[in-house]
Amino acid sequence: MAALNGWWDDYFWGALVIFQVFFCSLGFMIIFGLLGAIAKLSANKLAHKVANAYTVAFRGTPEILVILLMYFGSAIFLTAVAQLFNPEVKFVDIPPFWAGTIAISLIVGSYATETFRGAFLGVNPGSIEAAKALGMSDIQTFVYIRIPEMWRIALPPFGNHMLSLIKDTALISIIGLNETMFVAKQAITVTGKPFTMYIVVGAIYLGFSTVVTLSVMGLEKFGERTTAGVK
Amino acid sequence: MSEQSKKYLIQMKNVDKYFGEFQALKNINLEVERKERIVICGPSGSGKSTLIRCLNRLEKHNKGQVFIDGNELTDQIKDINAVRREVGMVFQSFNLFPHMTVVKNLMVAQQLVRKISKADAKQRAMHFLERVKIPEQANKYPIQLSGGQQQRVAIARALCMKPKIMLFDEPTSALDPEMINEVLEVMVDLATDGMTMICVTHEMGFARSVADRIIFMDLGEIVEESKPSEFFGNPKNERTKNFLEQILTH
């Protein structure tokens, strides 16, 4: 344990990075998932095809590969653009934080697309008809009826998606994000104690995922308050 | 807008409706005056529900014209929403919003569609909950109510929009027998109050006592249209006679 002295503050900042990545990617993941689900359910053939291509591509490739492609792909593109204006430029990238956040949001968003699609289909069509008959517009029906009924159905699988997000943050260390995995690797080169350093990382991730799991359980309880016993 | 279509609150002219190849409505002509109470009956699959669902565009008619208070129902979403504001509908399966309390169920469309303030919407909601005799259930969720109570909430929800017309699509068919009366009482109360109503129902007692006119449908057509006394006492069409024999002797 003495080997950990001097590394606690690095772990703390690393944990904070996990938290930030999780929070940002959660927002993006919901947006990607909703857009994907709406596109898949829309009558527009092009939107449908684009959404299908999206879920096939991002669910069918290794996550670490997507992160690498996202980071180096954007860096090559940005460098080429920058060199058009200034040939002296050697390398331009987007920060690993954002490249990684967008990458894992896209990956988990592709799973969320299917979750949301199924949940939208599970909304009672009678509720939608009632809203229409009351003169509510499509947008009002979406915001006040479809979404509130849909999230209750989507919540259990959605909890799993949130856990995936948490765990995927560990992969972003590969492109140089200084989260806890990155800290552990540095600490290991100095102290030569891999087990100790990695077990701390494990404890931090377990802490995060426990909080998420408990929050989902709380939300499920809140949702069931109104629909308990609905067939 | 013709003079004639203004005279009637509802007018259907030569309306046809298809589901794919199947013709659900055949050349429907129907005029309903203000304060008239119409009961539509007929065997299942005869097009009764489809007919009233065409009146607020939950189904789109394929041919002919539908006028509500002089406004024609067209593909224009503006016209459709304008008509829907004036036409209240009560469904067989209640269709309350499960995630909202009873009082919120009554308030949401008032606030969003009628742009009424929260306080006024709540006041009106409580007024109509009292009218259907369940103000004490205001803060419960629909699932906590009995079927009869849920249907009364659904009627109150439609009334909160101050509609000119109320459509009832088999409002008592999904209810346990002991709950049918509490819903029928509310409907009789509305009828006495002068509401223009079209009810699809198998409750012949209600039809006999409340309806100004009974419409009998079969195979997508209006077969017979008459006053209750004539309809029950002296039905003209063979199909009507058969239908009445079946439902009145069970």
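Residues numbered from 1 in each chain as written. Chains lettered and ligands numbered in written order. Predicted model: local features only at pLDDT ≥ 70, side-chain atom pairs only at ≥ 80, totals over all residues. Heavy atoms only, no water.

A. Main features of the overall build of chain A. Tallying secondary structure elements over chain A gives eight helices and zero strands in all. From first element to last, N terminus to C terminus, chain A shows the α and β order α-α-α-α-α-α-α-α. Projecting the C-alpha coordinates of chain A onto the three principal axes gives extents of approximately 70 × 50 × 25 Å. In chain A, which comprises 231 residues, the proportion classed as buried is 42%. (Helix = DSSP H or I, 4+ residues; strand = E, 2+ residues; numbered from the N terminus. Buried < 20%, exposed > 50% of the residue type's maximum accessible area, 1.4 Å probe, protein only.)

B. Representation of helix α3 (residues 77-86) of chain B. Listed as buried for α3 of chain B are I80, N81, V83, R84 and E86 of chain B. Looking at the buried positions of α3 of chain B, the neighbouring elements they touch are α5 (125-133) of chain A together with β4 (63-68), β6 (87-90) and β7 (165-169) of chain B. (Contact = heavy atoms within 4.5 Å.)

C. Fine view of the environment of T101 of chain B. Residue and element names in this part refer to chain B. As for its placement among the helices and strands, T101 is situated in the loop between β6 and α4 (102-113). Through-space distance from the C-alpha of T101 to that of D16 is 39 Å; in sequence the pair is 85 residues apart. Residues within four places of T101 in sequence aside, it is in contact with A138, N139, K140 and Y141.

D. Seen up close, the confidence of the model for chain B. The pLDDT averaged across chain B works out to 92; a share of 97% of its residues lies at or above 70. In the model of chain B, helix α1 (residues 3-7) of chain B stands out as the element of lowest mean pLDDT, 61, in contrast to helix α5 (residues 118-131) of chain B, which has the highest, 97. (pLDDT = per-residue confidence, 0-100.)

E. Spatial organisation of the sheet that holds strand β8 (residues 196-200) of chain B. Residue and element names in this part refer to chain B. Pairing is mixed in the open sheet, where six strands are placed in the order β6-β7-β8-β3-β9-β10. In the strand order of this sheet, the two ends are held by β6 and β10 (221-226), each with one partner. Pairs of neighbouring strands in the sheet enclose a mean axial angle of 20°, with direction left out of account. Where strand β9 (residues 213-218) meets β10, five bridges bridge the pair, whose relative direction is antiparallel. Directly across from I215, in β10, lies its bridge partner E225. (Pairing = 2+ DSSP bridges. Axes fitted to C-alpha atoms, helices over the stretch in contact; angles between N-to-C directions.)

F. Spatial organisation of the layout of surface pockets. Residues and elements named next belong to chain A. Put simply, the second largest pocket is a space of about 270 Å³. I38, L41, S42, F120, L121, V123, P125, I128, F142 and R146 together form the lining of the second largest pocket. For the lining of the second largest pocket, the secondary structure elements donating two or more residues are α1 (8-41), α4 (96-122), α5 and α6 (138-168). Taken together, the residues that form the lining of the second largest pocket break down as eight nonpolar, one polar and one charged. (1 Å grid on protein atoms, 1.4 Å probe; cavity = no way out; pocket = protein on both sides within 12 Å on 5 of 7 lines; lining within 4 Å. Points joined across faces, edges and corners; volume = space filled by probe spheres on them. Nonpolar A, V, L, I, M, F, W, Y, C, P; charged D, E, K, R; others polar.)

G. Here's a closer look at α4 of chain A. Its 27 residues give α4 of chain A an end-to-end C-alpha distance of 38 Å, which sits within 8% of 39 Å, the value for a rise of 1.5 Å per residue. Bending of α4 of chain A peaks at approximately 30° at the position of S110 of chain A. (Expected span 1.5 Å × (residues − 1). Bend = angle between axes of the 7 residues up to and from the residue.)

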